[in-house]
Amino acid sequence: TQSTWEAVVSTQSTWEAVVSTQSTWEAVVSTQSTWEAVEKIVGWYSSGPKIKHNDKDIQRLFTRYCPNPVYLIVRVNDDSSQGLPVDGYASINVVREDGRNDKEFSHKPVEIVATDAEEVGVEHLLRNIQDDTQLSTITNEVGHKVTGLRALTQKLEQIESYLSDVVNKSLPINQDILQSLQLMFNLMPNLSKQRVVKAFSTNANDQALAIYIAGIIRSVLALDKLIENKLGNNAREKKKEEAARKRQEDADKKKAEEQKKKEEEEAKEKDAGEPATEVSK
């Protein structure tokens, strides 16, 4: 086909994209011997935002170049802050109701990390930059929780949409998905029992009490440090004032001694000059 797909190439754990048609991609693969030492084909990606019918054919085509190709959907125009705009999929074997073997996409967790060289470079660039948003504050903690709840809401809406399509027979029943959902519901606590509700309340109150006590201790320590700093500043100011007063007293004393010495010298000169006047007469 002449449809366009994207091939993902990994170079030292760095993802690089090659956008090509089938003929162009085959030309790239023909030169594999020149870059195979430092690069490895691991799969391909598209801008989605959802899985399309032709994606299975492209996935099947990429099995020629790697045994288990990875399919990534990168939502480049996603403005929401509900986690990473990347979804990862891999092919799994499934058996249809008529007994045929087929391939289906299975969702895989995605994590974006950096190499050691990239982390060192970023730390070097950000060494002299102070970002107050990285500090642990209540605003950041609440923001993280809000982001997590929004992502959870989105996932629950997807589950609701899938179950509605299964009930309406728009989608076939997938026993693996239903088993995972059943396991998830089985792990949920039964909030209809008063004992469970009381246990949750006690646990929440204990955690809140610990946080409250920690906040009080941190405030007291901060006030104690502030008082010590104030006392230290007062002591330093007092020492400076005493040193300045002592220098002023020494200067006054020296000036008084010089004045006294000068007066004594003038008196001696006067006493020495009076007898010489009487002899001359």
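Fair warning: this is a prediction, and the values are worked out from it, not measured in the lab.

## Some words on the overall build of the protein
Each helix and strand in the protein was counted, giving 7 helices and 6 strands. Its helices and strands in sequence order give the protein the pattern β-β-α-α-β-α-β-β-β-α-α-α-α, from N to C terminus. Within the protein, the fraction of its 281 residues that count as buried is 14%. Long-range contacts, defined here as pairs at least 24 residues apart, represent 42% of the contacts in the protein between residues at least 6 apart.

## Examining the side chain of S46
Note on placement: S46 falls in strand β3 (residues 39–46). On the accessibility criterion, S46 (12% relative accessible area) is buried. Side-chain polar atoms of S46 contact the side chain of Y71, separated by 2.8 Å.

## Details of unusual backbone geometry
In the Ramachandran plot, K169 falls in the positive-phi region, its phi being about 60 degrees despite a non-glycine side chain. If you trace the backbone, K169 turns up in the loop between α5 (138–167) and α6 (175–187).

## Some remarks on the packing of α5 against α6
Orientation of α5 relative to α6, taken along the N-to-C sense of each, is 130 degrees, at an axis distance of 12 Å. With respect to their mutual orientation, α5 and α6 come out oblique. Considering only the axes of α5 and α6, their crossing is left-handed. Along its contact with α5, which presents I159, Y162 and L163, the element α6 presents I177, L178, L181 and M184. Here the contact of α5 with α6 is composed, by residue class, of 7 nonpolar, no polar and no charged.

## Remarks on the nonpolar core
The biggest cluster of nonpolar side chains holds 7 residues, and these are W44, I58, F62, Y71, I73, Y89 and F105. Broken down by secondary-structure element, the contributors of at least two residues to this core are α3 (55–62) and β4 (70–74). Y89 has contacts with I51, P69, V70, Y71, I73, F105, S106, H107 and K108, leaving out every residue within four places of it along the chain.

## Observations regarding a nonpolar patch on the surface
The grouping of L209, Y212, I213, I216, I217, V220 and L221 at the surface amounts to a nonpolar patch, some 690 Å² of accessible area in total. Residue classification places Y212 among the exposed residues on the basis of a relative accessible area of 55%.

## What to know about the confidence of the model for the protein
Per-residue confidence for the protein gives a mean pLDDT of 78; residues scoring 70 or more make up 80%. Of all secondary-structure elements in the protein, the lowest mean pLDDT belongs to strand β2 (residues 14–20), at 40, while β4 reaches the highest, 89. Note that residues 1–20 has pLDDT below 50 and, in this model, 57 contacts with residues that lie over four places away or in other chains. Throughout residues 276–281 the model reports pLDDT below 50, and contacts reaching past four residues in sequence, or to other chains, amount to 0 contacts.

## Concerning the pairing of strand β5 (residues 86–95)
Direction of pairing for β4 relative to β5: antiparallel, over a ladder of 5 bridges. From the neighbouring strand, I73 faces β5, where its bridge partner is D87. With antiparallel pairing between neighbouring strands as the criterion, β5 and strand β6 (residues 101–108) make up a hairpin whose turn holds 5 residues, including G99 at a positive phi of roughly 95 degrees.

Rules of the game
Residues numbered from 1 in each chain as written. Predicted model: local features only at pLDDT ≥ 70, side-chain atom pairs only at ≥ 80, totals over all residues. Heavy atoms only, no water. Helix = DSSP H or I, 4+ residues; strand = E, 2+ residues; numbered from the N terminus. Buried < 20%, exposed > 50% of the residue type's maximum accessible area, 1.4 Å probe, protein only. Contact = heavy atoms within 4.5 Å. Polar contact = N/O pair within 3.5 Å; in protein donor to acceptor, adjacent residues only side chain to side chain. Axes fitted to C-alpha atoms, helices over the stretch in contact; angles between N-to-C directions. Parallel < 35°, antiparallel > 145°, perpendicular 65-115°, else oblique. Left-handed = near helix turned anticlockwise from the far one by under 90°. Nonpolar A, V, L, I, M, F, W, Y, C, P; charged D, E, K, R; others polar. Core = buried A, V, L, I, M, F, W, Y, C linked by side-chain atoms within 4.5 Å. Patch = residues over 30% accessible without salt bridge, like charges linked within 9 Å, V, L, I, M, F, W, Y side chains within 5 Å. Areas by Shrake-Rupley, 256 points an atom, 1.4 Å probe, with all protein chains shown as cover. Salt bridge = Lys/Arg side-chain N within 4 Å of Asp/Glu carboxyl O. pLDDT = per-residue confidence, 0-100. Pairing = 2+ DSSP bridges.

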